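Residue-level structure breakdown
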Amino acid sequence: MGDREAILTNLGKAGKKSRLPLPPAPMPALTYDALWEIFATKLEALGGRIGNLQDLEVILSRPHVLDVESATRLGRKSGGADVWAAEVGVTTVDLAIAETATLMLSTGPGRPRLASLTPTLHVALVPKERIVATMSEAFTQLTDRTTVLITGPSRTADIEGILVRGVHGPGDVLVIPV
Amino acid sequence: MKIPSVEKFSRDLATETVESVRSASVAKVDARSNALKIAFDDLEGARTQAAQIKDYVLDNLPNLLPQLELKCRLNGIEVHWAKNASSARKTILEICKAAAPEGGSIVKAKSMATEEIHLNKHLIKNGYEVVETDLGEYVVQIDDDTPSHIVTPIIHKNRKQVAKSFEREGLGPYTEVPSELAMQARHHLREKFREAKIGISGVNFAVAESGRIVLVENEGNNRLSTTAPDVHIAVMGLEKVLPSETDLPLFLRLLAGSATGQQMTTYIHMISGPRRKDEMDGPKEVHLVILDNGRSKVLNGPYKEILRCIRCGACLNVCPVYRQASGHAYNNVYSGPLGAVLGPALEGVEKLPDLAKASTLCGSCEEVCPVKIPIPRMLLQLREEANRKGLVKEMIPWSMFSVGSTSGFRWRLGLKMLPLAPIAKHPAKSGWEEFKDLPTKEGRDFRKWWNGRS
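Residues numbered from 1 in each chain as written. Chains lettered and ligands numbered in written order. Predicted model: local features only at pLDDT ≥ 70, side-chain atom pairs only at ≥ 80, totals over all residues. Heavy atoms only, no water.

Regarding its fold elements, chain A presents 5 helices and 12 strands. A globule of 178 residues ought to have a C-alpha radius of gyration of about 16 Å, yet chain A, at 20 Å, is considerably larger. With respect to the three principal axes, the spread of C-alpha positions in chain A is 65 × 45 × 40 Å. Taking all 178 residues of chain A together, 53% fall into the buried category. Within chain A, residue pairs in contact and separated by at least 24 positions form 71% of the contacts whose partners lie at least 6 positions apart. Carbon and sulfur atoms provide 55% of the accessible area of chain A, an area that totals close to 7,700 Å². (Helix = DSSP H or I, 4+ residues; strand = E, 2+ residues; numbered from the N terminus. Rg over C-alpha atoms; globule rule 2.2 N^0.38 Å. Buried < 20%, exposed > 50% of the residue type's maximum accessible area, 1.4 Å probe, protein only. Contact = heavy atoms within 4.5 Å. Areas by Shrake-Rupley, 256 points an atom, 1.4 Å probe, with all protein chains shown as cover.)

Once that is clear, we can look at the overall build of chain B. A tally of helices and strands in chain B yields 22 helices and 10 strands. Reported as C-alpha extents along the three principal axes, the dimensions of chain B are approximately 95 × 55 × 45 Å. Burial analysis of chain B (454 residues in total) assigns 57% to the buried set. Residue pairs in contact within chain B that sit at least 24 positions apart in sequence constitute 76% of those at least 6 positions apart. For chain B, the exposed surface amounts to about 20,000 Å²; the carbon and sulfur share of it is 55%. Side chains of chain B give 62 positive and 55 negative charges; the mean places of these two sets differ by 6 Å. (Lys, Arg positive; Asp, Glu negative; His and termini not counted. Charge placed at Lys NZ, Arg CZ, Asp CG, Glu CD.)

Right, let's get into the nonpolar core. One recurring pattern in soluble globular proteins: nonpolar side chains tend to sit buried together. Residue and element names in this part refer to chain B. Ranked by size, the top nonpolar core spans 104 residues in total, and within it Phe 205, Leu 288 and Ile 306 carry the most contacts. Here this core gets 7 residues from one element, more than from any other, and that element is helix H12 (residues 248-260). Two domains share this core, each providing at least three of its residues, namely domain 1 (40-293) and domain 2 (300-388). Once residues within four sequence positions are removed from consideration, Phe 205 is found in contact with Arg 212, Ile 213, Val 214, Val 216, Lys 240, Leu 242, Leu 248, Phe 251, Leu 252, Leu 255 and Ile 310. (Core = buried A, V, L, I, M, F, W, Y, C linked by side-chain atoms within 4.5 Å. Domains from an automatic or database assignment.)

Turning next to the interface of chain A and chain B. Buried accessible area, meaning the area lost when the parts come together, often serves as the stated size of an interface. Contacts between the two partners involve 66 residues from chain A and, on the opposite side, 85 residues from chain B. When the two sides are added together, the surface that chain A and chain B hide from each other amounts to roughly 6,300 Å², 58% of it contributed by carbon and sulfur. Our enumeration of links across chain A and chain B arrives at 9 salt bridges. Of the charged contacts in the structure, one is a salt bridge between Glu 69 of chain B and Arg 4 of chain A, with a shortest N-O distance of 2.6 Å. Those elements that provide at least two residues to the side of chain A that touches chain B are helix H1 (3-11), helix H5 (135-139), strand E9 (147-151), strand E10 (155-156) and strand E11 (164-165) of chain A. Considering only residue class, the side of chain A that touches chain B consists of 27 nonpolar, 23 polar and 16 charged. (Buried area = accessible area lost by both parts, 1.4 Å probe. Salt bridge = Lys/Arg side-chain N within 4 Å of Asp/Glu carboxyl O. Nonpolar A, V, L, I, M, F, W, Y, C, P; charged D, E, K, R; others polar.)

Residue and element names in this part refer to chain B. Among the structural elements, Asn 204 can be located in the loop between strand E4 (198-201) and strand E5 (205-207). Of the polar contacts made by the side chain of Asn 204, one reaches the backbone nitrogen of Val 216; its length is 2.9 Å. Ignoring sequence-local partners within four residues, the contact set of Asn 204 consists of Val 214, Leu 215, Val 216, Lys 240 and Leu 255. (Polar contact = N/O pair within 3.5 Å; in protein donor to acceptor, adjacent residues only side chain to side chain.)

With that settled, the discussion passes to helix H2 (residues 32-45) of chain A. Residue and element names in this part refer to chain A. End to end, H2 covers 20 Å across 14 residues, agreeing with the expected 20 Å (1.5 Å per residue, within 8%). Taken residue by residue, H2 has Leu 35, Trp 36, Phe 39, Ala 40 and Leu 43 as its buried positions. The arc that holds every buried residue of H2, seen down its axis, measures 135 degrees, which confines them to one face. Among the exposed residues of H2, those pointing more than 90 degrees away from its buried face are Glu 37, Thr 41 and Ala 45. The elements touched by buried residues of H2 are strand E1 (49-50), strand E5 (95-97), strand E6 (102-106), strand E7 (121-126), strand E8 (131-132) and strand E12 (172-177). (Expected span 1.5 Å × (residues − 1). Arc of directions from axis to C-beta.)

Here we come to the sheet that holds E6 of chain A. The mixed open sheet is built from 8 strands, whose spatial order is E8(A)-E5(A)-E6(A)-E9(A)-E9(B)-E6(B)-E5(B)-E8(B). Each of the sheet's edge strands pairs with one partner strand only, and the pair in question is E8 of chain A together with strand E8 (241-242) of chain B. (Pairing = 2+ DSSP bridges.)

This paragraph deals with the pattern of salt bridges. Considering all chains together, one arrives at 40 salt bridges over all chains under this definition. Here Arg 49 of chain A ties to Asp 172 of chain A by a salt bridge, and the two come within 2.9 Å at their closest N and O atoms. Taken as a pair, Arg 49 of chain A in strand E1 and Asp 172 of chain A in strand E12 lie far apart in primary sequence, 123 residues in all. Of the residues examined, Asp 172 of chain A reaches a relative accessible area of 24% and is grouped as partly exposed. Note that Glu 99 of chain A is salt-bridged to Arg 253 of chain B, the shortest N-O span being 3.0 Å. Residue Glu 99 of chain A is located in the loop between E5 and E6, and its partner Arg 253 of chain B is located in helix H12; the two belong to separate chains. The exposure class assigned to Arg 253 of chain B is buried, which follows from its relative accessible area of 7%. One salt-bridge network, held together by shared partners, links Glu 69, Arg 73, Asp 94, Arg 111 and Arg 130 of chain A.

This part covers the environment of Thr 143 of chain A. Structurally, the position occupied by Thr 143 of chain A is in the loop between H5 and E9. When the C-alpha atoms of Thr 143 of chain A and Trp 84 of chain A are compared, they prove to be 27 Å apart, with 59 residues separating the residues in sequence. Ignoring any residue separated from it by four or fewer positions in sequence, one finds Thr 143 of chain A in contact with Ser 106 of chain A together with Arg 212 of chain B.

Moving on: the sheet that holds E1 of chain A. Residues and elements named next belong to chain A. A sheet is described by the order of its strands in space; here 6 strands give the open sequence E1-E12-E7-E4-E2-E3, paired in mixed fashion. The sheet is open, and its two edges are formed by E1 and strand E3 (79-80), each paired on a single side. Sheet topology places E7 next to E12; 6 bridges connect them, and they run parallel. If you follow Leu 125 over to E12, its bridge partner there is Ile 176.

A few words now on unusual backbone geometry. All names here are of chain B. Even without being a glycine, Asp 144 presents a positive backbone phi close to 55 degrees. With respect to the helices and strands, the residue Asp 144 is situated in the loop between helix H8 (135-142) and helix H9 (159-168). Its relative accessible area of 72% is what places Asp 144 among the exposed residues. The backbone phi angle of Ser 326 is positive, close to 75 degrees, even though this residue is not glycine.

Take a look at the structure:
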């Protein structure tokens, strides 16, 4: 008997009880401005930054990598430096989630997975209307692609519980509403 | 070799270590409660809901696991089943040999399931270089140590010890600044991520409805390990499945708050298969290994609810015994109150008969558990089981107490003889009297007073 059969035999029959439904998740009706205000406060508390497109002029003089959507938006060529050598990665994200200052970013054509991970600075462009209040709301818009939720800069507190940013991922996260 | 009890271990522990473990666990407790208060208007309700979902999962694994398997396959994820540790090691080695027959580096993200099956040793023995990439796990590995906490593996070490290890390994000039130490690790491990053909991770949640593997982390090493190499192998205890994607927000928020006092963990990686044709990076193969290793047996026994555990570590941080003894005292991959139940439940009480006694039964573990596992009740059950099987011996004075206190006559007789008691050793005397004096009896007897009152 293979392992699969052995395990399923040991597990026996499934129970009959059904599960409780999740309680309704309130989706507060806030204006985009109000949602962005919450997002900015939470992001800054995590050590991330909110910026604007002018900030990019200086930033993009450093070795960088751009995903296709961001490149089109900025009128630049996509790609750029080798993703391992890039100091800056610019991506346009699917959604921003206000309650936790989280970015939702899916994979797809023209979207290198490593662009938001290997550089020391991750710049996330978020179209202003692509913001929702809660995580539950964001999950209703999840696609079937591999997706990452990013909340602030990479961090660790493994050494004596002391917070260090940028241990493996970007230590600096700049979010630009566009 | 006789394994020392938790109590013995804690007495031999260096003061420095006790202080590291104690201060780090205490610091986490307040952060946790603040984070959860912000995240949930009704925390009690959220915990009850999470416990109920987990119970539903534990009752419906015969349906949920095949559903997960099917959906994963549709996503291009290869699914393997492993009934025990050796079967899991064999399966994983086969995948590695197919992907990198000539050996080479394997990058690893932190995973308790792979600790449980002692995977690293097996892969190293078969010619692979296995590199732990979580900062804490990396220190554990270069020091040839074992993790002493399921979330913060080097809770027992201070920065000086880390600094010495990094200097010894040639990571850079000696520094005791945590941020500089972290950067040394970043630079050193970057090369490993680039050259490794295989990445191995655990699994925090796997969603049956969508066939998606969910990984939760703060550093980014887990994303790197599961994105940069050509092959990703995820090892999952079979209880980690969740029915639906909409269940995730509840569990992610409970886990972030309970584990590290965060509103949300930095990276939630939701993997729906290998890189697709239209993508430029990501692994070409993703494998999911579903591990039993004793779990199906636990499901049909009295310790079933321990499998609700989402490995947040909150019960370790609040436990007075864990704080004093450290994770290594438990002689098991899983430590603290969680480990004191899960260890014997998975491996049999015969192997770890003493663990259930490593508790004051203060109940804090159950109070903080995000999925409301009745740990104190199960610890009592384990003690009872160990006793019944004759695995632990009650100390003679306690046996005398149990005889004497269960009949009125014997109790009164015992009381008359109490003045003789100082010649006997008090059952709690060892350990206690190093620090405190036992009080001497003062005043009158309650019974004499009660009978004589008018």
